[in-house]
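In case you want the letters, here they are:
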Amino acid sequence: MLIPRQVNMILYLLNREDWCSTEELCTKFQMGKNTLQPELRRIQEELRDGLTMEVGHKGYRITGLTGYAKAEVRDHLVSYGENKSIDVRPASILLYLLYLRQTVTIRELAEVFYLSKSVVDRELKTVKRWLDQFDGLELDASGNQGLRILGTEKRKRIYCARIGSVKTIRSTPLGDELAAQYAQVIETVGEIMEDCLLRHDVLISGADFRQTVRFLASGVLRSKMGFHRELEDVPGEIPAVVRDISAQVAERLNCKPAEIEQWDLWEFLEQSNRIVEPGAHDGQEMEHRFRDRLFALDENAARIMALPQDFQFTGRRYVLQYLDQMYRRYANGNMLVNNLDSEIVREYPLEVHIASRMFPETFGGEITEETSAIALFLAANLRAYRSRLSVLLVTNEHRGVIYQIFKTVRQFGYPAAGETTVIPGYAYRNDPAKYDGFEIKLTTEPEALLMSSDFYYTPAVLDKMEIYRLREHFRKVDEKRSARRLTETQESMPVETVSVTEKGLELDALLGTADGAAQTCHQIREKVLFVCRMGAELSPAVTIYRCKSPVSYHRMDVEKVLFVQCREQDPRLMDQFEYISELLKAL
């Protein structure tokens, strides 16, 4: 039988994309080499043919895990998860008291649980401390009859949901039949809840899902045992999702929840943590005379590149300060301009084209070359948008832990971390194919590693080493995606090279008329020119002109021209210009 440390070793190796050295494993699991090697051999012996582990001078790596081995590891994870979820002994005593109809003495508890009276007395102090933190229930030991739990049936069911795991019920001396019945009800209710919550698009966190299942299962079991919920008027209309759940419970478990019990379930669901992305964008912008113009430029840029409607440019404050300084210089007669240097043109050709094209019509035509700040402003936003990776987080943790993971990924993860979708484990297990499109798959649930090799396991609390590994994982995925995009763009956007021999040729004669399309020209370095033409009906094309005799452009002799033609609102626009940037750097 596998022990927790061996299960953790399997998961650690599964989570690695490459070899894991002996030194790394020894450091991670705080053991020496002489202890590590026998431990790994025992893992291989336990899982036999279900595990394929390679051993070499680079260390260890798992290359295969069969269905049998995955099921074995999953069973151990479930077992260990229940064991560490709560202090089982005081929880078992509390559950025993909740399910008793009569009072019980400390001696009787000691006999039933096979403990000494002093140990029972100590555990009861823990029980009392728990109940003191929970309104509505009280451990009554005031009478001569013995101990009992005072409170309403509703509050008792809520507390059963908090501590009533299958493991705790099995540890409670209520009989094997009741424990088996509870396990069966839990399984059935879990299936019903998964089905109904997914169909009604009500996603709650995995931790809340488990408690809600236990709440409903405890209610079903206690109702069958004669512990009936107090009758009250239902204060509102019961939602469809709860009625659906109740109908299936009545059909499959032969126990129809009363109206007030259905309302209790809705209250439980309503108080659960819905799966939403924590955090919000900073929508505050400084008051400024150029602010509305900059917003207009944003809108035009977003239109040209067909960005989503909810896309928001950030960092406007610095651009507005720059514009203030620029116009102040201009008003004082200082005509020095911050022209676009060749490095900016080579690195950000798309942003340079948009800034040069939009600046005159947005801010006025007096200063047409003050576009470097606008180009860099656009570049910073578009690079962050283009490189963002769609992230899926499968977790059964509480909302506070989810928020902390979000914060860590955004602050320390990687610039490519984009919009993150959070789902509980049951939602992924129900339809894994629905989430195939995500580029990064993170999970805090070790079982997810057994469902798909695409997952990267991250603990709920990240230390510095885990943060570094998470950054590396994002970086590798981003690099692979960028290389794939570049290859696809190269294949779909061939480059034509044209030799020009005619002397005294003007640039307009070389490229032809723009025919209503927007065109900008930028010098990259001496005798090299970048020309971009963009229109609604143009087809993507790249042509490199190599002129044996210089072409005239604004009293400048040009020997090489990179001419790009592209279509507005093309979804591949940013990928195309990433490729164009590589061509400009090579010229």
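Attention in this report is confined to the structure presented alongside it. Everything numeric in this text was worked out from a predicted model, so none of it was measured.

Rules used throughout
Residues numbered from 1 in each chain as written. Predicted model: local features only at pLDDT ≥ 70, side-chain atom pairs only at ≥ 80, totals over all residues. Heavy atoms only, no water. Helix = DSSP H or I, 4+ residues; strand = E, 2+ residues; numbered from the N terminus. Buried < 20%, exposed > 50% of the residue type's maximum accessible area, 1.4 Å probe, protein only. Contact = heavy atoms within 4.5 Å. Areas by Shrake-Rupley, 256 points an atom, 1.4 Å probe, with all protein chains shown as cover. Pairing = 2+ DSSP bridges. Axes fitted to C-alpha atoms, helices over the stretch in contact; angles between N-to-C directions. Salt bridge = Lys/Arg side-chain N within 4 Å of Asp/Glu carboxyl O. Parallel < 35°, antiparallel > 145°, perpendicular 65-115°, else oblique. Nonpolar A, V, L, I, M, F, W, Y, C, P; charged D, E, K, R; others polar.

Here the focus is the overall build of the protein. Helices and strands together make up the secondary structure of the protein, namely 24 helices and 13 strands. Across the 587 residues in the protein, those meeting the buried criterion constitute 50%. Contacts spanning at least 24 positions in sequence make up 72% of the contacts within the protein whose residues lie at least 6 apart. Summing over all exposed atoms, the protein offers an accessible surface of approximately 29800 Å²; the carbon and sulfur share of this is 46%.

Overall, mixed pairing links the five strands, which are arranged 9-12-13-11-10 in an open sheet. The open sheet has two free edges, formed respectively by strand 9 (495–500) and strand 10 (518–525), since each of these has just one partner strand. Between one strand axis and the next, the sheet turns through 20° on average, direction left out of account. Across the sheet, helix 17 (residues 349–363) touches strand 10 and strand 11 (528–535), and the angle it forms with strand 10 is around 125°. Lying on the sheet, helix 24 (residues 573–586) is in contact with strand 9, strand 10, strand 11, strand 12 (541–553) and strand 13 (556–567); it crosses strand 13 at an angle near 160°.

Moving on: the pattern of salt bridges. Two side chains carrying opposite charge are able to pair once their charged atoms lie near each other. Enumeration according to the criterion identifies 37 salt bridges in this entry. The shortest N-O distance in the salt bridge between Asp264 and Lys154 comes to 3.8 Å. Note that Asp264 is positioned in helix 13 (residues 259–270) and Lys154 in helix 8 (residues 153–163), a separation of 110 residues in sequence. Classification of Asp264 by relative accessible area gives buried; the value is 4%. Where Glu343 meets Arg346, a salt bridge forms, and the shortest distance between an N and an O atom there is 3.0 Å. Taken as a pair, Glu343 and Arg346 lie in helix 16 (residues 342–347) at a separation of three residues, close to a single helical turn. Glu343 sits in the partly exposed class, given a relative accessible area of 46%. Since its relative accessible area comes to 15%, Arg346 is described here as buried.

Where helix 22 (residues 464–492) contacts helix 24, the axes come no closer than 9 Å and their chain directions differ by 85°. Relative to helix 24, the element helix 22 lies roughly perpendicular. Counting all contacts with helix 22, which are made through Arg485, Leu486, Thr489 and Gln490, the residues of helix 24 involved are Asp575, Gln576, Tyr579 and Glu582. Its residues placed into classes, the contact of helix 22 with helix 24 shows two nonpolar, three polar and three charged.

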